[in-house]
Amino acid sequence: MAELKPPILEVKNLSQHFTTGRGKKRLAVKAVDDVSFEVYTQETFGLVGESGCGKTTTGRTIIRLYDPTAGQVLFDGWDISRPMNKKLRRFLSDNIAMIFQDPIESLNPRMTIEEIVGEGLFVRGEQDKAKVRKLVYETLDLVGLTQEHATRYPHEFSGGQRQRVGIARAIIVKPKLIIADEPVSALDVSIQAQVINLLNDLKQELGLTILFVAHNLSVVKYFSDRIGVMYYGKMVEIANAADLYENPLHPYTRALLSAIPEPNPRYSISGNRVDYDPARDHDYSAEQPSMREVLPNHFVYCSQGEYERFKLKVSL
Ligand SMILES: Nc1ncnc2c1ncn2[C@@H]1O[C@H](COP(=O)(O)OP(=O)(O)OP(=O)(O)O)[C@@H](O)[C@H]1O
Ligand SMILES: [Mg+2]
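Procedures and definitions
Position labels on residues start from 1 in each chain and follow its written sequence. Chain letters start at A and ligand numbers start at 1, both assigned in the order the entries are written. Only residues with pLDDT of at least 70 are given local features in this predicted model, and only at 80 or more are side-chain atom pairs given and counted; all residues enter the totals for whole chains, interfaces and linings. Each side-chain value is derived from all of the structure's non-hydrogen atoms; neither hydrogens nor water enter the calculation. Nine residue types can take part in a nonpolar core, namely buried Ala, Val, Leu, Ile, Met, Phe, Trp, Tyr and Cys, and a core is a set of them joined through side-chain atoms within 4.5 Å. Here's how the labels work: a residue is buried when its accessible area is under 20% of the maximum for its type, exposed when over 50%, partly exposed in between, all with a 1.4 Å probe on protein chains only. Here, residues are in contact when the closest pair of their heavy atoms is within 4.5 Å. At least two bridges found by DSSP between two strands are what make those strands a pair. Counting from the N terminus, the helices are the DSSP runs of H or I reaching at least four residues and the strands are the DSSP runs of E reaching at least two. Side-chain rings of Phe, Tyr and Trp, where Trp is taken by its six-membered ring, are said to pair if the distance between their centres is within 6.5 Å; with planes under 30 degrees apart they count as stacked, over 60 as edge-to-face, and otherwise as tilted.

**Details of the nonpolar core**
No. 1: Counting 56 residues, the largest nonpolar core has Ile-167, Phe-212, Leu-217 and Ile-227 as the members making the most contacts within it.
No. 2: Among all residues touching Phe-212, those that are not within four sequence positions of it are Thr-44, Phe-45, Gly-46, Leu-47, Ala-180, Pro-183, Ile-196, Leu-199, Val-219, Val-220 and Phe-223.

**Here we look at the sheet that holds strand β1 (residues 7–20)**
No. 1: Spatially, β2-β1-β4-β5 is the arrangement adopted by the 4 strands of the open sheet, whose pairing is antiparallel. Two strands in the sheet have a free side with no partner beyond their single neighbour: β2 (27–40) and β5 (78–79).
No. 2: In the sheet, strand β4 (residues 70–75) pairs with β5 via 2 bridges, with the strands oriented antiparallel. Within β5, the position partnered with Phe-75 by the bridge is Trp-78.

**Observations concerning the environment of Glu-246**
No. 1: Mapped onto the elements of the fold, Glu-246 is located in helix α8 (residues 241–246).
No. 2: We classify Glu-246 as exposed; its relative accessible area is 63%.
No. 3: Separated by 113 residues in sequence, Glu-246 and Arg-133 place their C-alpha atoms 48 Å apart.

**Considering the packing of aromatic side chains**
Centre-to-centre distance and the angle between the planes together describe a pair of aromatic rings.
No. 1: With the rule as written, the count across this model stands at 9 aromatic pairs.
No. 2: Aromatic pair Tyr-231 and Tyr-232: ring centres 5.1 Å apart, planes at 70°, arrangement edge-to-face.
No. 3: Among the residues examined, Tyr-232 registers a relative accessible area of 64% and is labelled exposed.
No. 4: Assessed through its relative accessible area of 19%, Tyr-231 is described here as buried.
No. 5: Each member of the aromatic cluster is reached from another via a ring pair, and the members are Tyr-231, Tyr-232, Tyr-252 and Tyr-276.

Below, the structure is given as structure tokens:
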């Protein structure tokens, strides 16, 4: 792994709680609960966990589609969790772009590819149509599409091509950070690798930093420099990718890893279930867990007793 550069994104004790329903049916959902992590400049940070663990909410809170319930987010040292105003809105849209899971739902069917990809520039106040067109063409080229695609509409494209359009729309404004929320999970497996390779190439070419959200560890395995694992709104483990695969310490990470579908036919498919039960796997009656650094840059959400066991385990 390349030497770590300074963090571009610092998420500190971030919480996003939703309340749903009224009266007796009122329910508080701690979608993100006291989550902290850093994303270093030009790395890919994979955020993984099963459906509903709070990955999307984390991304959406960072770019301020939601106001955080608590905590702070710094980007390049700037507080982007402060009360919203025009200047902050502009700062966010200049620096952070999002790629969504479903390329068909996230692209307006009535807009041409040129309009979709160029929109961010017009929103910024760019009025020179020829200049926007030129940039759109250049960006289409960067994502493996051509000028001929510019006049077409989203429904004329395959899933993989549509996601290329989504990527073009995100990178045309030259953001420093891309939040890619399950960008390949709606695509055929054969296409997934192409889109991931494209993101990887663009990352190198444009010096991007990527926060890559996935619910399957196998997707982020080769692509991420570091990985954070979430469970029910909590971050339970953060480590560099190789370390996480070699020394998964939190029982949830271990369960998630052993649930990766194994292409080897000798393994049974029943291995796909994530076998984790907090009540069975932890005893927090005496002490609540917190994030602890078990190995350098390898953090686990654990109690002191677990920490000591993990320390012993990694030293063997
Ligand atoms: N706008 C909202 N209002 C109320 N509850 C919400 C809202 N958005 C998300 N939630 C709840 O917060 C929790 C986390 O949801 P989130 O979409 O962040 O999970 P996720 O990890 O992205 O899951 P998936 O892998 O299915 O995309 C879930 O329980 C979800 O129902
Ligand atoms: Mg999601």
